[in-house]
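Remarks on the overall topology
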Amino acid sequence: MSFATGLICRECGTTYPSEARYACDFCFGPLEVDYDLAAARGQVTHASIAAGPASIWRYGALLPDPGDEPIDLGVGWTPLRRATRLAEVLGVRELWLKDDTRNPTGSFKDRVVSVALSSARRLGFTTAACASTGNLATSVAAHAAAIGWKSVTIIPSDLERSKIAMTAIFGGTVLGVEGNYDDVNRLCVELVAEHPDWAFANVNVRPYYAEGSKTLAFEVAEQLGWRLPDQVVVPLASGSQFTKIAKGFRQLVALDLVEGELPVLFGAQAQGCSPIATAFAAGADVVTPQRPHTIARSLAIGNPADGPYVLDELRRGGGDCGAVGDDEILECIALLAETEGIFAETAGGVTIASLRQLLGRGTIDSERSIVAIISGHGLKTLDAIADIAHVSATIAPSLEAAEEALRFTQLVGAS
Ligand SMILES: [Zn+2]
């Protein structure tokens, strides 16, 4: 049973029933899902959660009402791995990786889509849609296919080939827009007005969609034995994931499910699209839009919807925000792979490179525990690593050639 009570305006606090609505009638502010945490206290327990499925829906009490049953492809409950080898390289005492490469379509977006489309079905929608930098489109197309819905996913036409293929294979309509994500998003806002019966995951059902990201906080706390980490590093695109992770930790504290201090949250951006990091460094309250140019396409949102809320969270919590170059991103994809056996997409490289940058800056404390969110699988961005990941040598099919090449790569000593 869900303890969600309806929607509430994030700006003026006006409340609405749990309906298909995403902006406030009074101030046009964004809405979010509200909960009766007083009623949930004592009802949502470690035991009640543990009795649930091995998916995000074990936290169904703290998610929007999914109707008769959630749309669940086996989303979430991904591993939280202690990263001892990477910790040693980075010089930190306790590092954990939340490995969200392991979701059904290979990214954390499955969390938000499972929640968004479950709510959309309850609200009577029958077509799934979204504006996407790639991963969301893939997840929407897959979830729609699994329940027999049509899908319309809209992406920049020059996205990574693997992300386009991973989306198109599910059989929905994929529209490639000659423009960047911010152009795509603007177009989708116009399409919502023309097609009110389509559930655009991150537009007209965005309040429900966003809630799915809280499950990252819930899982991290539960997987640490109902302990809060000291510090969490989160990649930033629209900023929604970041603000909802913060909300998730706060809900756990409010329900007495964890003790201690809220974690300090840190943001991670690519230099080529760093509107939030730039605003934070400048002490600004508003985010000035940027035109993205980075290999981290999944984070390439130049006008982030949740930007001001991320700035609030960063300042309130004493956090900081990294901004890393494309070379550092590639280097850290390789570093993560070589030390921990996890193959992340470019966003994962942004997270690890930002962690390293903020350790160097001294804003992340190397003596306190750290969780890094690894949000998507490396198979999604194979193009990006083509120049750094290839065969060591191409050889004739002979022992002599093999031994010669192995000497060259220093795997065997010269004899
Ligand atoms: Zn309002």
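Quick summary incoming for the structure in this document. (Residues numbered from 1 in each chain as written. Predicted model: local features only at pLDDT ≥ 70, side-chain atom pairs only at ≥ 80, totals over all residues. Heavy atoms only, no water.)

Quick look at the coordination of the zinc ion
Within the protein, the atoms that donate to the zinc ion are C9 (SG), C12 (SG), C24 (SG) and C27 (SG), at distances of 2.3 Å. Around the zinc ion, the four donor atoms sit at angles spanning 97 to 119°, and that spread fits a shape best called tetrahedral. In this structure C12 comes out as partly exposed when scored by relative accessible area, which is 41%. By relative accessible area, which is 2% here, C24 ends up buried. (Donors = N, O, S within 2.8 Å, 3.2 Å for Na, K, Ca; no water. Tetrahedral: all angles 85-135°; square planar, octahedral: opposite > 155°, others 65-115°. Buried < 20%, exposed > 50% of the residue type's maximum accessible area, 1.4 Å probe, protein only.)

Description of the sheet that holds strand 7 (residues 150–156)
Strand order in the open sheet made by the four strands is 8-7-6-9, with parallel pairing throughout. Both edges of this open sheet fall to strand 8 (173–177) and strand 9 (198–200), since each of them pairs with a single strand only. Adjacent strand axes in the sheet meet at a mean angle of 20°, parallel and antiparallel pairs treated alike. Bridging between strand 7 and strand 8 involves five bridges; their strand directions are parallel. Among the inter-strand pairings, I155 is bridged to a residue of strand 8, identified as G176. Packing of helix 5 (residues 135–146) onto the sheet brings it into contact with strand 6 (127–131) and strand 7, and relative to strand 7 it is tilted by some 170°. (Pairing = 2+ DSSP bridges. Helix = DSSP H or I, 4+ residues; strand = E, 2+ residues; numbered from the N terminus. Axes fitted to C-alpha atoms, helices over the stretch in contact; angles between N-to-C directions. Contact = heavy atoms within 4.5 Å.)

Brief notes about the layout of surface pockets
Of the pockets and cavities examined, the largest pocket occupies roughly 950 Å³. As for the largest pocket, its lining consists of 49 residues, and the residues nearest its centre are N185, N202, R206, S238 and A305. Only strand 3 (31–35), helix 4 (109–122), helix 5, helix 7 (181–194), helix 8 (206–211), helix 10 (240–254) and helix 12 (307–317) provide two or more residues apiece to the lining of the largest pocket. At five residues, the largest contribution of residues to the lining of the largest pocket is made by helix 7. When its residues are assigned to classes, the lining of the largest pocket shows 25 nonpolar, 15 polar and nine charged. There is about 310 Å³ of room inside the second largest pocket. What lines the second largest pocket is a set of 19 residues, among which L262, P263, V264, L265 and G317 lie closest to the centre. Elements that contribute at least two residues to the lining of the second largest pocket include exactly helix 10, strand 11 (264–270) and helix 12. (1 Å grid on protein atoms, 1.4 Å probe; cavity = no way out; pocket = protein on both sides within 12 Å on 5 of 7 lines; lining within 4 Å. Points joined across faces, edges and corners; volume = space filled by probe spheres on them. Nonpolar A, V, L, I, M, F, W, Y, C, P; charged D, E, K, R; others polar.)

Here we look at the packing of helix 9 (residues 214–223) against helix 10
Across the interface, helix 9 lies against helix 10 with an axial gap of 6 Å and an inter-helix angle of 50°. It follows that helix 9 is oblique to helix 10 by the angle criterion. Considering the relative orientation of helix 9 and helix 10, their crossing is right-handed. Contacts between helix 9 and helix 10 pair K214, L216, A217, F218, V220 and A221 from the former with Q241, K244, I245, K247, G248, F249, Q251 and L252 from the latter. A per-class count over the contact of helix 9 with helix 10 returns eight nonpolar, three polar and three charged. (Parallel < 35°, antiparallel > 145°, perpendicular 65-115°, else oblique. Left-handed = near helix turned anticlockwise from the far one by under 90°.)

Overview of the environment of M1
Its place among the elements puts M1 in the segment before strand 1 (4–9). With residues up to four places along the chain from it excluded, the contact list for M1 reads G60 and A61.

Considering the pattern of salt bridges
Applying the stated criterion across every chain, the model contains 31 salt bridges. The salt bridge partner of D99 is R102, with a shortest N-O separation of 3.7 Å. Since its relative accessible area comes to 2%, D99 is described here as buried. R102 sits in the exposed class, given a relative accessible area of 52%. If you follow the salt bridges from partner to partner, you end up with E32, E211, K214, K244 and K247 in one network. (Salt bridge = Lys/Arg side-chain N within 4 Å of Asp/Glu carboxyl O.)

What to know about the packing of aromatic side chains
Applying the stated criterion across every chain yields a total of two aromatic pairs. Residues Y59 and F218 carry aromatic rings whose centres are separated by 5.2 Å and whose planes lie at 45° to one another, so their mutual orientation is tilted. Taken as a pair, Y59 in the loop between helix 2 (46–50) and strand 4 (80–82) and F218 in helix 9 lie far apart in primary sequence, 159 residues in all. An identical accessibility class is assigned to Y59 and F218; each is buried. A cation sits over an aromatic face here: R58 above Y59, 5.9 Å from the ring centre. For R58, the ring lying beneath its charged end belongs to W77, and the centroid distance is 3.8 Å. (Phe/Tyr/Trp six-rings, centres within 6.5 Å; stacked < 30°, edge-to-face > 60°. Lys NZ or Arg CZ within 6 Å of the ring centre and 35° of its normal.)

Describing the side chain of K244
Here K244 lies in helix 10. Every residue in contact with K244, bar those within four places of it in the chain, is listed here: R10, E32, A210, E211, S213 and K214.

Comments concerning the packing of helix 5 against helix 6 (residues 161–168)
Two numbers describe how helix 5 lies on helix 6: the axes approach to 8 Å, and their chain directions differ by 15°. Here helix 6 runs roughly parallel to helix 5, going by the angle between their axes. The handedness of the crossing between helix 5 and helix 6 is left-handed. Across from N135, A137, T138 and A141 in helix 5, the residues of helix 6 making contact are K163, M166 and T167. Each residue belonging to the contact of helix 5 with helix 6 can be placed in one class, and the counts come to three nonpolar, three polar and one charged.

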